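Chain by chain, the residues:
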Amino acid sequence: MRRFLFLVPIPFLAVIFALIARPYSIGMKLRNTAEAYSQALSTGHAQEAMSMMTPETAEGLSKEFLSRLEGTAVPSDFRYDGSDARGLRMIGSAGDSGSRVVWFSTENGIRVTHDTALDNILGSAVMLCHANALIDPEGHCPVSGIPYEYDVETGTVVCPEGHLGEGIIISSDACSLRRDSVALELSEYLEAGYNYPETLEEMFIISGEEYGRRGGYRCPDNGYKYYELRDGEIYCPFHEESSEMAEEQ
């Protein structure tokens, strides 16, 4: 056997040893981990994906939040793309979603430090937390799963993860005041001789911009919710509360 190896050309031996060593190279380990990590998220195995992250990356993330990545495309062509402040970069094609980059640290094993797919959903963390706090102030942060700190007396909700800054006040008082002012304006509109409008925006259009507001009125606590006109009352679909139109004098 030794004689055979001696007779084999050195370049050929180099190729053989390279092929043997390749499955154990750092590049292949990074690629395999990137694929396993992406697959775990795509198939809803959030806990498995979290076990592949560095403790700093996994901190502040709940399994429920990571489930938002279920069904995402799993790149099959991850390749090494250099390194930067985030770590070693592995990039792969995610189909219609474009490229996906996953960064790794190798200080304590191969662990994920950042992921562009994760960054995408983290971009909505503040909005998700704010909307959830308004609905359920005694609930949990939808990103981390950590319970809110809720002061019932002041109506203040604080997210331990800092998504709500110093906290937000949960109360429909501001909405109630705005609804009352809109109801009063509707009464003045009718007293001016205009016909009853079908929508609050129509009040603005029919009066030639004298009454109402272009596009209608939004709830001050949720800018995505517009007031509705229901049987002479100003209804807020967010708080599910109404203000009656002022009675005619």
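Please read all numbers here as calculations on a predicted model, not as lab measurements. Each residue is numbered by its place in its chain's sequence as written, counting from 1. Owing to the predicted nature of the model, reporting of local features is limited to residues with pLDDT of at least 70; listing and counting of side-chain atom pairs is limited to 80 or more, with chain, interface and lining totals taken over all residues. With hydrogens and water set aside, each side-chain value is computed from the structure's full complement of heavy atoms.

*Asks:* I'm lost on the overall build of the chain in this one. Help?
*Replies:* Looking only at helices and strands, the chain features 10 helices and 12 strands. Whether two residues touch is decided by their heavy atoms; if any such pair falls within 4.5 Å, the residues are in contact. Considering only contacts in the chain between residues 6 or more positions apart, those separated by 24 or more positions represent 42%. Helix and strand definitions here come from DSSP, where helices need a minimum of 4 consecutive H or I residues and strands a minimum of 2 consecutive E residues; each element is numbered from the N-terminal end.

*Asks:* Which parts of the structure should I look at to understand the pattern of salt bridges?
*Replies:* Any two side chains of opposite charge can pair, on the condition that their charged atoms come close. The working definition used for a salt bridge is a side-chain nitrogen of Lys or Arg within 4 Å of a carboxyl oxygen of Asp or Glu. One pass over the structure, following the stated rule, counts eight salt bridges. We note a salt bridge from Asp84 to Arg89, for which the minimum N-O separation is 2.9 Å. For Arg89, a relative accessible area of 19% puts it in the buried group. Between Arg179 and Glu241 there is a salt bridge whose closest N-O contact spans 3.5 Å. With Arg179 in helix H9 (residues 173-191) and Glu241 in strand E12 (residues 241-244), this pair connects stretches of sequence that are 62 residues apart. If you follow the salt bridges from partner to partner, you end up with Asp81, Asp84 and Arg89 in one network. Throughout, exposure labels follow a simple rule: accessible area from a 1.4 Å probe, protein chains only, divided by the maximum for the residue type, with under 20% read as buried, over 50% as exposed, and the rest as partly exposed.

*Asks:* Can you walk me through the sheet that holds strand E4 (residues 111-115) in this structure?
*Replies:* Strands pair in a sheet through their backbones, by hydrogen bonds, and they do so in one of two ways: parallel or antiparallel. The criterion for strand pairing is that DSSP finds at least two bridges linking the strands in question. Strand order in the open sheet made by the four strands is E1-E2-E3-E4, with antiparallel pairing throughout. Where the open sheet ends on each side, the last strands, each with one partner, are strand E1 (79-84) and E4. Adjacent strand axes in the sheet meet at a mean angle of 35°, parallel and antiparallel pairs treated alike. Alignment of E1 against strand E2 (residues 87-93), held across four bridges, turns out to be antiparallel. Looking across to E2, one finds that Ser83 is bridged to Leu88. Note on definitions: angles span 0 to 180 degrees between N-to-C directions of axes, and those axes are lines fitted to C-alpha atoms, for helices only across the stretch in contact. The sheet contacts of helix H3 (residues 26-42) involve E2, strand E3 (99-105) and E4, and relative to E3 the element is tilted by about 120°.

*Asks:* How should the sheet that holds E12 be read in this particular structure?
*Replies:* On the basis of which strands lie adjacent, the open sheet formed by three strands has the order E10-E11-E12 and antiparallel pairing. The open sheet terminates on both sides in strands that have one partner only, identified here as strand E10 (228-230) and E12. For this sheet the average axis-to-axis angle between neighbouring strands, irrespective of direction, equals 35°. Across three bridges, E10 lies against strand E11 (residues 233-236) in antiparallel orientation. When the bridges of E11 are listed, Arg230 appears paired with Glu233. H9 contacts E10, E11 and E12 of the sheet and is inclined by roughly 35° relative to E12.

*Asks:* How should the packing of aromatic side chains be read in this particular structure?
*Replies:* The geometry of an aromatic ring pair is captured by the separation of the ring centres together with the interplanar angle, meaning the angle of the planes. Aromatic pairing here means that ring centres of Phe, Tyr or Trp (its six-membered ring) are within 6.5 Å. Orientation follows from the plane angle: under 30 degrees is stacked, over 60 is edge-to-face, and everything else is tilted. Counted according to the given criterion, the structure contains three aromatic pairs. Here the aromatic rings of Tyr189 and Tyr211 are separated by 6.0 Å at their centres, their planes lie at 80°, and the arrangement is edge-to-face. On the criterion of sequence distance, the pair formed by Tyr189 in helix H9 and Tyr211 in the loop between helix H10 (200-206) and strand E8 (218-219) is long-range, its members being 22 residues apart. A single burial state applies to Tyr189 and to Tyr211, both of which are buried. Site record: aromatic cluster; members linked through ring pairs are Tyr189, Tyr194 and Tyr211.

*Asks:* Got a minute to help me understand H3 in this structure?
*Replies:* Each full turn of the α-helix corresponds to 3.6 residues, which orients residues three or four apart in the same direction. To estimate how far a helix should reach, multiply one less than its number of residues by 1.5 Å. Between the first and last C-alpha of H3 there are 24 Å, a value that for 17 residues agrees with the 24 Å anticipated at 1.5 Å per step. Along H3, the positions that sit buried rather than exposed are Leu30, Thr33, Ala34, Tyr37, Ser38, Ala40, Leu41 and Ser42. Residues of H3 that are buried make contact with helix H4 (46-51), helix H6 (63-66), E2, E3, E4 and helix H7 (116-122). Positive phi shows up at Gly44, right after H3, with a value of about 85°.

*Asks:* So what exactly am I meant to see when it comes to the environment of Gly92 here?
*Replies:* Inspection of the secondary structure puts Gly92 in strand E2. What makes Gly92 buried here is its relative accessible area of 1%. Once residues within four sequence positions are removed from consideration, Gly92 is found in contact with Pro75, Asp77, Phe78, Gly98, Ser99 and Arg100.

*Asks:* Help me understand the environment of Ala174, please; the structure alone is not making it clear to me.
*Replies:* Residue position: Ala174 is located in helix H9. Residue classification places Ala174 among the partly exposed positions, given a relative accessible area of 40%.

*Asks:* Would you mind showing me how to read the pairing of E2 here?
*Replies:* Remark: a regular strand shows side chains that alternate across the two faces of the sheet. Within E2, five of the seven residues are buried, which leaves it mostly tucked inside the rest of the structure. Joining the antiparallel neighbours E1 and E2 is a turn of two residues. One ladder, built from six bridges, connects E2 with E3; its direction is antiparallel. If you follow Met90 over to E3, its bridge partner there is Val102.

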